[in-house]
Amino acid sequence: MLRPRVIVCLDVKDGRVVKGTKFKGLRDVGDPVELARRYETEGADEIVFLDISASHEGRGTLLDTVRRTAEVLFIPLTVGGGVRTADDMHALLRAGADKVSVNSGAVRDPEVLTHGAERFGSQCVVASIDAAWTDEGAAGPGWYHHTHGGRRPTELEAVAWARACVERGAGEILLTSIDRDGVRTGYDLELTRAVAEAVPVPVIASGGAGNAEHLRDGFTEGRAAAVLLAGILHDGLTTVGALKEALVGWDIPVRMAALGPNGEASP
């Protein structure tokens, strides 16, 4: 059984890491290569690299930035943004990604998930779902999936869409609450639990992490296999190591990084 994972997200726009609130008001927070290296040293289990403007601007992910980021990491790297075909996945995997996240491309053509799973294995295929609550959805009130960096609502109810993505071949779900993104009030536990109970693959809770208690609740109440965070780390409010120490204190069996002679995390 996989240990609960703490994953750090690098949202990238024009080659720089950015962060906002509810997918808006983006501000520059640093270089993706430097931040990836820092968070691995702090003990992150994985890095997620999302080119958040790729689908919206109609261009592919910046492969050079992916290569430079992958070269410094010894932990898994998931990359997404502008992925439309299995060939796009192949390019990212060749550039150094371990897994590829697909959002808008899967709505446009769900077969991209199937083709990716057939060519590279379902463990490489991550379905990214950006969900927001609406009272007037196509199937009634509920969480509905959005594409193009959260800019375009769809008629896809999030839980049903998660099931469909897994049936198509996705081996993991990256589930982001748009309503909670950047507000640091905790993950949407009801949404996370609903999706985690609906699919047989790992679900990553994303959107809303503000402290260690939120991570704990994501695992225990949300039933997530992993939790993803960004802003509180970018702003220097805490570290991955400190968050993991707190989780261990609550009997959450996360992997603690082995430290080298200079205090750095060993690969």
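All values derive from a computational prediction rather than experimental measurement.

### Concerning the overall build of the chain
Part 1: If you tally the helices and strands in the chain, you get eleven helices and twelve strands.
Part 2: Burial statistics for the chain: of 267 residues in total, 56% are counted as buried.
Part 3: By sequence separation, contacts in the chain at least 24 residues apart represent 64% of the contacts at least 6 residues apart.

### A look at the pairing of strand 4 (residues 46–51)
Part 1: Of all six residues that make up strand 4, six are buried, and the element is covered over most of its length.
Part 2: Burial along strand 4 is two-sided: the face carrying Glu-46, Val-48 and Leu-50 and the face carrying Ile-47, Phe-49 and Asp-51 are both buried.
Part 3: Here strand 1 (residues 5–13) pairs with strand 4 via six bridges, running parallel. Note that in strand 4 the partner of Leu-10 across the bridge is Phe-49.

### Some points on the packing of aromatic side chains
Part 1: Considering all chains together, one arrives at one aromatic pair under this definition.
Part 2: Ring plane angle 80° and centroid distance 5.2 Å describe the contact between Trp-133 and Trp-143, whose orientation is recorded as edge-to-face. Here the residue Trp-133 occupies a position in strand 7 (residues 125–134), and Trp-143 occupies one in strand 8 (residues 142–147), the gap between them amounting to ten residues.
Part 3: Given the relative accessible area of 42%, Trp-133 is considered partly exposed.

### Quick look at the nonpolar core
One broad rule of soluble globular proteins: the nonpolar side chains tend to lie buried together.
Part 1: By size, the foremost hydrophobic cluster in this structure holds 71 residues, and its most contacted members are Leu-10, Ile-47, Ile-173, Val-195, Leu-215 and Leu-229.
Part 2: With six residues, the single largest contributor to this core is helix 7 (residues 158–168).
Part 3: Once residues within four sequence positions are removed from consideration, Leu-215 is found in contact with Val-6, Tyr-187, Ala-209, Val-227, Leu-229, Leu-243 and Leu-247.
Part 4: With ten residues, the next largest nonpolar core counts Val-48, Leu-50, Val-126 and Leu-174 among its residues.

### Looking at helix 6 (residues 111–120)
Part 1: Here helix 6 has its buried residues at Val-112, Leu-113, Thr-114, Gly-116, Ala-117 and Phe-120.
Part 2: Where helix 6 is buried, its residues contact helix 4 (86–95), strand 6 (99–102), helix 5 (104–108), strand 7 and helix 7.
Part 3: Gly-121 occupies a position one or two residues after helix 6 and carries a positive phi of about 95°.

### Some points on the pattern of salt bridges
Part 1: Across all of its chains, the model carries twelve salt bridges by this definition.
Part 2: A salt bridge links Arg-5 to Glu-46, with the shortest nitrogen-to-oxygen separation between them at 2.7 Å. Of this pair, Arg-5 sits in strand 1 while Glu-46 sits in strand 4, placing them 41 residues apart in sequence.
Part 3: Look at Glu-46 and you get buried, because its relative accessible area is 6%.
Part 4: We note a salt bridge from Arg-68 to Asp-64, for which the minimum N-O separation is 3.5 Å.

### Focus: the packing of helix 4 against helix 6
Part 1: Contact pair helix 4 / helix 6: the axes reach a minimum separation of 9 Å and the direction vectors enclose 45°. Relative to helix 6, helix 4 is oriented oblique. In terms of crossing hand, the pair formed by helix 4 and helix 6 is right-handed. In contact with Ala-86, Asp-87, Met-89, His-90 and Leu-93 of helix 4, helix 6 contributes Val-112, His-115, Gly-116, Arg-119 and Phe-120.
Part 2: Split by residue class, the contact of helix 4 with helix 6 holds five nonpolar, three polar and two charged.

### Details of the environment of Glu-111
Part 1: Residue position: Glu-111 is located in helix 6.
Part 2: By relative accessible area, Glu-111 is classed as partly exposed at 29%.
Part 3: As a C-alpha pair, Glu-111 and Thr-85 span 26 residues in sequence and 8.7 Å in three-dimensional space.

### What about the environment of Gly-208?
Part 1: Note that Gly-208 resides in the loop between strand 11 (203–206) and helix 9 (212–220).
Part 2: Assessed through its relative accessible area of 6%, Gly-208 is described here as buried.
Part 3: Each C-alpha atom, one on Gly-208 and one on Arg-180, is 4.6 Å from the other, the two residues being 28 residues apart in sequence.

About the cut-offs
- Residues numbered from 1 in each chain as written.
- Predicted model: local features only at pLDDT ≥ 70, side-chain atom pairs only at ≥ 80, totals over all residues.
- Heavy atoms only, no water.
- Helix = DSSP H or I, 4+ residues; strand = E, 2+ residues; numbered from the N terminus.
- Buried < 20%, exposed > 50% of the residue type's maximum accessible area, 1.4 Å probe, protein only.
- Contact = heavy atoms within 4.5 Å.
- Pairing = 2+ DSSP bridges.
- Phe/Tyr/Trp six-rings, centres within 6.5 Å; stacked < 30°, edge-to-face > 60°.
- Core = buried A, V, L, I, M, F, W, Y, C linked by side-chain atoms within 4.5 Å.
- Salt bridge = Lys/Arg side-chain N within 4 Å of Asp/Glu carboxyl O.
- Axes fitted to C-alpha atoms, helices over the stretch in contact; angles between N-to-C directions.
- Parallel < 35°, antiparallel > 145°, perpendicular 65-115°, else oblique.
- Left-handed = near helix turned anticlockwise from the far one by under 90°.
- Nonpolar A, V, L, I, M, F, W, Y, C, P; charged D, E, K, R; others polar.

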